[in-house]
Amino acid sequence: DVKVTQSSRYLVKRTGEKVFLECVQDMDHENMFWYRQDPGLGLRLIYFSYDVKMKEKGDIPEGYSVSREKKERFSLILESASTNQTSMYLCASGRQAEAFFGQGTRLTVV
Amino acid sequence: AQSVAQPEDQVNVAEGNPLTVKCTYSVSGNPYLFWYVQYPNRGLQFLLKYITGDNLVKGSYGFEAEFNKSQTSFHLKKPSALVSDSALYFCAVRDTYNTDKLIFGTGTRLQVFP
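Each residue is numbered by its place in its chain's sequence as written, counting from 1. Chains and ligands are labelled sequentially in the order written, the chains with letters from A and the ligands with numbers from 1. Side-chain atom pairs in this predicted model are given and counted only at pLDDT of 80 or more, local residue features only at pLDDT of at least 70, and totals for whole chains, interfaces and linings cover all residues. Excluded from the side-chain calculation are hydrogens and water; included are all heavy atoms of the structure.

Caption draft 1: Seen up close, the state of the cysteines. Residue and element names in this part refer to chain A. Cysteine sulfur atoms that come within 2.5 Å of each other are treated as a disulfide pair. Throughout the structure, instances matching the rule amount to 2 disulfides over all chains. Each sulfur in the disulfide pair Cys-23 and Cys-91 lies 1.9 Å from the other. With the S-S bond torsion at -80°, the cross-link from Cys-23 to Cys-91 turns out left-handed. Remark: Cys-91 occurs in strand E10 (residues 87-95) and Cys-23 occurs in strand E4 (residues 23-25); sequence separation between them is 68 residues. For every residue, the accessible area obtained with a 1.4 Å probe (protein chains only) is divided by the maximum for its type, and the residue is called buried under 20%, exposed over 50%, and partly exposed between those limits. You can call Cys-91 buried: its relative accessible area is 0%. Helix and strand assignments follow DSSP, with helices taken as H or I runs no shorter than four residues and strands as E runs no shorter than two, numbered in order from the N terminus.

Put into C-alpha cells, the structure is as follows:
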C-alpha cells in the first residue's frame, strides 16, 4: 500500500509564526505536491516538485515556500503565517498524474 | 483554459437508489480523468480513472464512471447508494501541458439518507 504521511493532523499557530508542514512518502515517487483545500474552491495547487531540490510554483504560491532535500520528503513552509492561511493542507505523491494523498493537516492561524 | 466543472455542490439520494455525480471537463487532446473521494477529516482516496478504452470504467466500492467524449463528461455513478457513501467527491483531469499535474473540480458533497 502506498503511504503518504503528513506529520500533523491538526495545528494551531499564531499570526507571524514560521510554520513547517512535513510530508513523507514511501513509494519512491518522483513527484510530490502540496494543495490547500477550502470550501467551494476545491483543491488548489501551491507547489510541486518533480525531483530532489526541484520545485515549481502552482496556482497559489504566494506566502509559501517548499523544500525537497530528499526524494521521500517534501516540506511546505509558511514564512509568516497569516489568518488567511487557515485551511486544510493536503500532500500528495505520484507519477504521471496518478496521485496518492496524505491524511491532511488542518491548520488554524490565530 | 483547462478546467473541470462539478455543477452540483451537493447531491442528496435515498439509500438503495442509484446515484450520479456530474463532472464535465475542458482540455485539449485526449483526457485522462479521475475520481477521488474524501471522507470527513481525511485525505483524498482514489476511486477510478479513465485513460483509454472502454467508456465505462469500474472502480472501488461499486462505483463506476462513464466517459462521454461528445459531451465532455465523466459522470460518477453507483446503482445502489449506501449511507456510508456519504462523502465529498472530486473529479480531476490531467493537465495537458504538464502531465504530472492534476486539475481538480470544486467537489460535490454526496449525502445518502437512510
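On we go from here.
Caption draft 2: Examining the interface of chain B and chain A more closely. Contacts between chain B and chain A engage 20 residues on the former and 23 residues on the latter. Accessible area, probed at 1.4 Å, shrinks when two parts are joined; the buried area is that loss added up over both. Summed over both sides, the interface between chain B and chain A buries roughly 1,700 Å², with carbon and sulfur atoms accounting for 52% of that surface. Salt bridges are defined as contacts in which a side-chain nitrogen from Lys or Arg sits within 4 Å of a carboxyl oxygen from Asp or Glu. On inspection of chain B and its partner chain A, the count reaches 0 salt bridges. Pairing of N or O atoms within 3.5 Å defines a polar contact, subject to two protein rules: one partner must be a possible hydrogen donor and the other a possible acceptor, and residues neighboring in sequence count only if both atoms are side-chain atoms. Remark: the boundary between chain B and chain A carries 3 residue pairs in polar contact (both at pLDDT 80 or more). Breaking the side of chain B that touches chain A down by element, the ones donating at least two residues are strand E5 (33-38), strand E6 (44-50), strand E10 (87-94) and strand E11 (102-104) of chain B. It only takes one pair of heavy atoms within 4.5 Å for two residues to be counted as in contact.

Caption draft 3: Up close: the packing of aromatic side chains. Note on aromatic contacts: the rings of Phe and Tyr and the six-membered ring of Trp form a pair at centre separations within 6.5 Å, being stacked when their planes are under 30 degrees apart, edge-to-face when over 60 apart, and tilted otherwise. Evaluated as defined, the whole model comprises 15 aromatic pairs over all chains. Centre to centre, the rings of Phe63(B) and Tyr89(B) are 5.5 Å apart; their planes meet at 50°, and the pair counts as tilted. Of this pair, Phe63(B) sits in the loop between strand E7 (56-58) and strand E8 (64-68) while Tyr89(B) sits in strand E10, and the two are 26 residues apart along the sequence. Take Phe63(B) and Tyr89(B): they sit in the same class, and that class is buried. In textbook terms, an aromatic cluster arises when at least three aromatic residues are bridged by ring pairs, as seen for Phe33(A), Tyr35(A), Phe48(A), Phe101(A), Phe34(B), Tyr36(B), Phe46(B), Phe90(B) and Phe104(B). Counting as a charge over the ring demands two things of the Lys NZ or Arg CZ atom: a distance within 6 Å of the ring centre and an angle within 35 degrees of the ring normal. The ring of Tyr32(B) has Arg94(B) lying over it, and the distance from NZ or CZ to the ring centre is 3.6 Å.

Caption draft 4: Layout of the pairing of strand E2 (residues 10-14) of chain B. All names here are of chain B. Side-chain alternation along E2 places Val-11 and Val-13 on a buried face and Gln-10, Asn-12 and Ala-14 on a face that remains uncovered. What makes two strands pair is DSSP finding at least two bridges between them. Here 5 bridges tie E2 to strand E12 (residues 108-113), and the two strands are oriented parallel to one another. Counterpart to Ala-14 in the pairing with E12 is Phe-113.

Caption draft 5: The arrangement of the nonpolar core in detail. What is meant by a nonpolar core is a set of buried Ala, Val, Leu, Ile, Met, Phe, Trp, Tyr and Cys residues, joined one to another through side-chain atoms within 4.5 Å. Core analysis: the largest hydrophobic core is formed by 29 residues, its most contacted members being Trp35(B), Leu47(B), Leu48(B), Phe74(B), Leu76(B) and Tyr89(B). For this core, the elements supplying multiple residues, two or more each, are E2, strand E3 (19-21), E5, E6, E8, strand E9 (73-78), E10 and E12 of chain B. Broken down by element, this core gets its largest block of residues, 4 residues, from E10(B). Listed in part, the 20 residues of the second largest apolar core include Val4(A), Phe74(A), Leu78(A) and Tyr89(A).

Caption draft 6: A look at unusual backbone geometry. All names here are of chain A. Of note in the backbone geometry, Asp-28 takes a positive phi value of approximately 60° without being a glycine. Structurally, the position occupied by Asp-28 is in the loop between E4 and strand E5 (31-38). For Lys-53, which is not glycine, the phi torsion reads 65° and is therefore positive. Here Lys-53 lies in the loop between strand E6 (42-51) and strand E7 (54-57). According to the relative accessible area criterion, Lys-53 is exposed, its value standing at 57%.

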